Amino acid sequence: MSITVEDTGFNTMDATTEWAAAVHFDGTGWDLISEPTTDRAAALDAVQSTTDSVLISREVTSWQTVPELRPPRLLASDDTVNGIIAEEDNVIRGALNRGATIVVTKTHKPAERVLHRIGCPSLTPLLDRSKAWTTWFRERLVEDHTIRPSMPDFHTRDDAEARLAGIRQCTTCEPELHGATRSIRSLRAGGLAERHLGLTLATEGGTPLGTITDIRSHTSAAKQQRWGAEHVTITTDAGPHEVAGTDRVHILGNVSETNLTTREAALRQRLGVA
Ligand SMILES: [Zn+2]
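None of these values were measured; they are calculated from a predicted model. (Residues numbered from 1 in each chain as written. Predicted model: local features only at pLDDT ≥ 70, side-chain atom pairs only at ≥ 80, totals over all residues.)

How should I be thinking about the overall build of the protein in this particular structure?
Scanning the protein from N- to C-terminus turns up 8 helices and 15 strands. A globule of 274 residues ought to have a C-alpha radius of gyration of about 19 Å, yet the protein, at 36 Å, is considerably larger. For the protein, the spread of C-alpha atoms along the principal axes amounts to about 110 × 60 × 35 Å. With 274 residues in all, the protein has 19% of them scored as buried. Partitioning the contacts of the protein with sequence separation of at least 6, the portion at a separation of at least 24 is 61%. (Helix = DSSP H or I, 4+ residues; strand = E, 2+ residues; numbered from the N terminus. Rg over C-alpha atoms; globule rule 2.2 N^0.38 Å. Buried ≥ 20, exposed ≤ 12 C-beta atoms within 10 Å, placed from the backbone. Contact = placed C-beta atoms within 7 Å.)

Would you take a moment to explain unusual backbone geometry for this structure?
Negative phi is the rule for most residues except glycine; trans is the rule for most peptide bonds. A positive phi angle is found at lysine 106, which is not glycine, with a value near 55 degrees. Positionally, lysine 106 belongs in the loop between β6 (102-105) and β7 (114-117). Accessibility expressed as a C-beta count within 10 Å gives 15 for lysine 106, which makes it partly exposed. The phi torsion at glutamate 176 lies on the positive side, around 55 degrees, for a residue other than glycine. In this structure, glutamate 176 sits in the loop between β9 (168-169) and β10 (184-188). Of the residues examined, glutamate 176 has 14 C-beta atoms within 10 Å and is grouped as partly exposed.

Explain the pairing of strand β15 (residues 248-252) here, please?
Every regular strand shows the same layout, with side chains that alternate between the two sheet faces. Burial of β15 is one-sided: the residues Val249 and Ile251 facing one way are buried, the residues Arg248, His250 and Leu252 facing the other way are not. Here β10 pairs with β15 via 5 bridges, running antiparallel. Each bridged residue has a counterpart across the sheet, and for leucine 187 the counterpart in β15 is valine 249. Of the strand pairs in this sheet, strand β11 (residues 200-202) and β15 are connected by 3 bridges, and their pairing is antiparallel. (Pairing = 2+ DSSP bridges.)

What should I look at first to understand the domain arrangement of the protein in this one?
How big an interface is tends to be stated in terms of the accessible area lost upon association of its parts. Here the domain parsing of the protein yields domain 1 (2-67), domain 2 (78-169) and domain 3 (184-252). Taken over C-alpha atoms, the centre of domain 2 sits 37 Å from the centre of domain 3. (Domains from an automatic or database assignment.)

What is the right way to read the pairing of β7 from this model?
Neither face of β7 is exposed, since Val114 and His116 on one face and Leu115 and Arg117 on the opposite face are all buried. In this structure, β7 lies alongside β9, joined through 2 bridges in parallel fashion. When the sheet's bridge partners are listed, valine 114 is paired in β9 with arginine 168.

Looking at this structure, I do not really get the nonpolar core. What am I missing?
Nonpolar side chains tend toward joint burial in soluble globular proteins. Within the largest apolar cluster, 16 residues are counted, with the highest numbers of intra-cluster contacts made by Ile102, Val103, Leu115, Leu123 and Cys173. Secondary-structure elements contributing two or more residues to this core are α2 (78-97), β6 and β7. Those residues within four positions of leucine 123 in sequence are excluded, and the remaining contacts are Val103 and His116. Formed by 10 residues, the second largest nonpolar core is a distinct cluster that contains Leu201, Val232, Val249 and Ile251. (Core = buried A, V, L, I, M, F, W, Y, C linked by C-beta atoms within 7 Å.)

When you look at the sheet that holds β6 in this model, what are you seeing that I'm missing?
By definition, the strands of a sheet pair up through backbone hydrogen bonds, in either a parallel or an antiparallel sense. Within the open sheet, the 4 strands sit side by side as β8-β6-β7-β9. Their pairing is mixed. Each edge of the open sheet carries a strand with a single partner, namely β8 (153-155) and β9. As defined by bridge partners, β6 adjoins β7 across 4 bridges and the pair is classed as antiparallel. Directly across from isoleucine 102, in β7, lies its bridge partner arginine 117.

I'm lost on α2 in this one. Help?
Within an α-helix, residues lying three or four positions from one another point in the same direction, as the helix has 3.6 residues per turn. Between its terminal C-alpha atoms α2 stretches 28 Å, which fits the 28 Å expected from 20 residues at 1.5 Å a residue. One or two steps after α2, the chain reaches glycine 99, where phi turns positive at roughly 90 degrees. (Expected span 1.5 Å × (residues − 1).)

Explain the environment of threonine 134 here, please?
Structurally, threonine 134 can be placed in the loop between α4 (129-132) and α5 (135-143). Given 12 C-beta atoms within 10 Å, threonine 134 falls into the exposed group. Along the primary structure threonine 134 and proline 149 are separated by 15 residues, whereas in three dimensions their C-alpha atoms are 8.3 Å apart.

Whenever I open this one, the sheet that holds β15 confuses me. Can you help?
The 6 strands are arranged β10-β15-β11-β12-β13-β14 in an open sheet whose pairing can be described as antiparallel. Edge positions in the sheet fall to β10 and β14 (239-244), since each of these pairs with one other strand and no more. Mean inter-strand twist for the sheet, computed between neighbouring axes without regard to direction, equals 45 degrees. Sheet analysis places strand β12 (residues 208-218) next to strand β13 (residues 231-236), joined by 6 bridges and oriented antiparallel. (Axes fitted to C-alpha atoms, helices over the stretch in contact; angles between N-to-C directions.)

Looking at this structure, how should I read helix α8 (residues 257-271)?
For α8, spanning 15 residues, the distance from its first C-alpha to its last is 21 Å, which sits close to the expected 21 Å at 1.5 Å a residue. Looking one or two residues beyond α8, the residue adopting positive phi is glycine 272, at roughly 70 degrees.

Looking at this structure, how should I read the environment of serine 186?
Positionally, serine 186 belongs in strand β10. Along the sequence, serine 186 and threonine 262 sit 76 residues apart, while their C-alpha atoms lie 26 Å from each other.

Explanation requested: the confidence of the model for the protein in the structure shown.
A low pLDDT score tells you not to read the predicted coordinates there in detail. Looking at the protein, the pLDDT average stands at 87 and 90% of residues meet or exceed 70. The element-level mean pLDDT for the protein is lowest in strand β1 (residues 2-3), coming to 50, with α2 highest at 97. (pLDDT = per-residue confidence, 0-100.)

Next up, the structure:
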């Protein structure tokens, strides 16, 4: 917000200088003895025609837009917001109790809707309503008591299979609805790292070979700096796989089942749902 008096620009080059003859008047200010003028020579004439006066000047600028001092925005009270959050938590609690495991986001824009598993990491800022109620929403609530951060829809897997075909599926949690299967990623075995633990090792065709439980690189000191791992032992719950560091390996999905179930369990615990 700003107050516009007369916006002829903010450029101080607009300033003009006015001149006048003046005498100092009892220490509190200048007593002009000629009319202020932009003509410096005329003002100087006035000075010279008097005794004891001096030439003074002032900058005269156009009107400018000045920033208005804005009062701090009002926030809705914690009591008000917490009351709404309690109702929203009840909606989520009810959905969990009905066996919902699939979440649809962006429900207000049908073309942008996305299907997720309830443990998807991307849902944290939506399902934790105290995070969804950002300062921006708390400010807006003061002026518009109907405003709410978006709330997803909840469905059982069967319901989602039956009714929600055609909605895009999240590429992070990959709900595997409507015949969709988990993505297969291919990478060099030497590029395997801790973040791949818990993901499913697979054949190039996508046949699961087990959940990765351990990754060990074996490298001779001479080659370590330049070539990375020469040999990698990938252990899955179905047994070990010995591969060269340069071999391609294949991994199913982006988020481990453990990660998804841990997040869902944390949500249930927070809302007190068994
Ligand atoms: Zn997701």
